[in-house]
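# Commentary on secondary and tertiary structure
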Amino acid sequence: MSQETIYALASGRGRAGVAVIRLSGPDAFTALAALTEGALPPVRQATVRSLYSLDKAFRIDQALVILFKGPASFTGEDVVEIHLHGGPALISATFDQFANLTNLRSAEPGEFTRRAFEHGKLDLTEAEGLGDLVNAETHAQHQQALRQMRGELGEIYTNWRQDLISNLAHLEADIDFPDEDLPEGVAGAIRPKIKQLESEITAHLQDGKRGEKIREGLDVVILGAPNVGKSSLLNKLARREAAIVSDQAGTTRDVVDVHMDLAGYPVTIADTAGIREASDSVEQEGVRRARARAELADIRIFMTSAGDPPVEESDFADLVEENSFFIINKMDTVSGDKPPQIGRVFPVSVKQEEGLDPFLEALEQEVVQQLDVSGAPSLTRQRHREALEECVQCLQRFAVAPDPELAAEDVRLAARALGRITGRVDVEDVLDVVFGDFCIGK
Ligand code: GDP
């Protein structure tokens, strides 16, 4: 158990109907006792108590208190939640009392969750999921975070790791106890299993970075010559004045980002400086950045004005992809019949707000398709990706390892890489499986 007891405001800052102060550690209960009168209430039972200063000279508030006896608590330690009225003065008065108690200190950021991890209440992916849940701004982020916090992602890695460890146990038994009465051809039997695992992990890695994009937002860029109406479109999309609209060519000199929620998914739409032969150096820099950004984008929207040559004839024709969108703007300036929408080509008038709905619908569909959260959980961080890639490399080395010791080492390293993702790296469980499975030396 950690020696110090920590406390912090668990709810948001500022005035509110209710504020929640949380304490965790060996002195959590005694700290509450010091601020209240009479016996402590039973655990896990919300109870009204008056809170006083330590010397009982004044009353702080009437609060609802709940005690959780470790290890059956969020952190695994003794935890107290104090629900008081959400006023700055009474919260700081409470903190002042805690500051005068020994062995209490205010918590560092993330320290409650860290203690929960240290006491085995959460694995690292679940702790990350909890962090994402608090930060979620869109429905997709919310759902993904909830699944990760509930352990769906960690479970995948834990199961893979268990598989590896059990295979490793068999391999090691074969190395260490060649005379024992072991099943025939252990190493031979393991190879196809490891190969199967390697393909599963490789498939999991080839997810189009779905999970990471749900966390960070899908990158969409609007590309086109100056003055075709890119900023106007962005402003319409964002329903606010996010980029400067001007009728002078080359005013959007850098990249303007707008973060938005499209069909529940987070999207960052960037308005880029017009890609064209830029004369002045500031604009050239803008063009360079626009191109760099466009190259990395998940979805590109190419914009021209009515009467302009098609995108295919422009300098950035090489950036066109199968999932790109094409907008021909300023249709209001064209007399006579307007061209129909064909496939991903949308004739619109941003100014008159004509033709934008079908485009938005198609864009939303594309976003949903790229980020769909309904399938198997995806990895959500570069950290996961790196560990999984390392794991695959180890398994590939295993397949060509010249001798059993090296083969076993590759499997051990592969398991360790997976263990780093969930934060459960230990060797004891290898031994458990060896003795559990084979009963060697019984
Ligand atoms: P950008 O340089 O591509 O970002 O273009 P802007 O959005 O700054 O627009 C350039 C000019 O075109 C502005 O004067 C806009 O008002 C005008 N504009 C934008 N969309 C339309 C449209 O659909 N029809 C007409 N007639 N003008 C438009």
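Numbers given to residues run from 1 along each chain, matching the order in which its sequence is written. Per-residue local features of the predicted model are confined to residues with pLDDT of at least 70, and side-chain atom pairs are confined, for both listing and counting, to 80 or more; whole-chain, interface and lining totals are unaffected and use all residues. Side-chain metrics in this entry use all non-hydrogen atoms of the structure; hydrogen atoms and water are not considered.

## Side note on the pattern of salt bridges
Using the following cut-off: Any carboxyl oxygen of Asp or Glu within 4 Å of a side-chain nitrogen of Lys or Arg constitutes a salt bridge here. What counts as a helix is a DSSP run of H or I of at least four residues, what counts as a strand is a run of E of at least two, and both are numbered from the N terminus. Three labels apply to residues, based on accessible area from a 1.4 Å probe with only protein chains included: buried if under 20% of the type maximum, exposed if over 50%, partly exposed otherwise in between.
Counted according to the given criterion, the structure contains 26 salt bridges. With a closest N to O distance of 2.8 Å, E4 and R105 form a salt bridge. With E4 in the segment before strand 1 (5–9) and R105 in strand 6 (residues 104–106), this residue pair connects regions lying 101 residues apart in the sequence. Under the relative-accessibility criterion, E4 is labelled partly exposed at 34%.

## Side note on the confidence of the model for the protein
For the record, the criterion: The quantity known as pLDDT measures the predictor's confidence residue by residue, on a range of 0 to 100. Any two residues whose heavy atoms approach within 4.5 Å are treated as being in contact.
When pLDDT is averaged across the protein, the result is 86; 88% of the residues are at 70 or more. In the predicted structure, residues 427–431 sits below a pLDDT of 50 and forms seven contacts with residues beyond four places in sequence or in another chain.

## Examining helix 7 (residues 186–205)
Stated precisely, the cut-off is as follows: Here a helix's expected span is defined as the number of its residues, less one, multiplied by 1.5 Å.
If you check helix 7, its first and last C-alpha atoms are 29 Å apart, about what 20 residues at 1.5 Å a residue would give, namely 28 Å. What helix 7 keeps buried is the set V186, I190, I194, L197, E198, I201, H204 and L205.

## Some details on the pairing of strand 9 (residues 265–271)
Heads up, the condition is: The rule for pairing is simple: two strands pair if DSSP sees at least two bridges between them.
Burial of strand 9 is extensive: seven of the seven residues sit out of reach of the surface. Residues of strand 9 alternate between two faces, with Y265, V267, I269 and D271 on one and P266, T268 and A270 on the opposite face, all of them buried. Relative to strand 9, strand 7 (residues 218–224) runs parallel, the two sharing five bridges. In the strand pairing of strand 9, I222 is matched with D271. Alignment of strand 8 (residues 256–262) against strand 9, held across seven bridges, turns out to be antiparallel. Across the sheet, V256 pairs through a bridge with D271, a residue of strand 9. Between the end of strand 8 and the start of strand 9, which pair antiparallel, lie two residues, with A263 showing a positive phi angle near 55°.

## Focus: the sheet that holds strand 9
Quick note on the threshold: Lines are fitted to the C-alpha atoms to define the axes, a helix being fitted only along its stretch in contact, and any angle between axes, read from their N-to-C directions, falls within 0 to 180 degrees.
Taken together, six strands build an open sheet; the order of strands is 8-9-7-10-11-12 and the sheet is mixed. Of all strands in the sheet, those bounded by a partner on one side alone are strand 8 and strand 12 (345–347). The sheet shows a mean angle of 25° between the axes of neighbouring strands, taken without regard to direction. Here five bridges tie strand 7 to strand 10 (residues 299–305), and the two strands are oriented parallel to one another. Note that in strand 10 the partner of L223 across the bridge is F302.

## Side note on the sheet that holds strand 4 (residues 59–68)
Ordered in space as 3-4-5-2-1-6, the six strands form an open sheet in which the pairing is mixed. Of all strands in the sheet, those bounded by a partner on one side alone are strand 3 (47–52) and strand 6. On average, each strand axis in the sheet is inclined to that of its neighbour by 30°, with strand direction left out of account. Inspection of the sheet shows strand 4 paired to strand 5 (residues 79–86) by five bridges, in the antiparallel sense. Across the sheet, residue F68 finds its bridge partner in strand 5, namely V79. Of the strands in this sheet, strand 1, strand 2 (16–24), strand 3, strand 4, strand 5 and strand 6 are in contact with helix 1 (residues 28–35), which crosses strand 5 at around 40°. Against the sheet, helix 3 (residues 111–118) touches strand 1, strand 2 and strand 6, its axis set at about 135° to strand 1.

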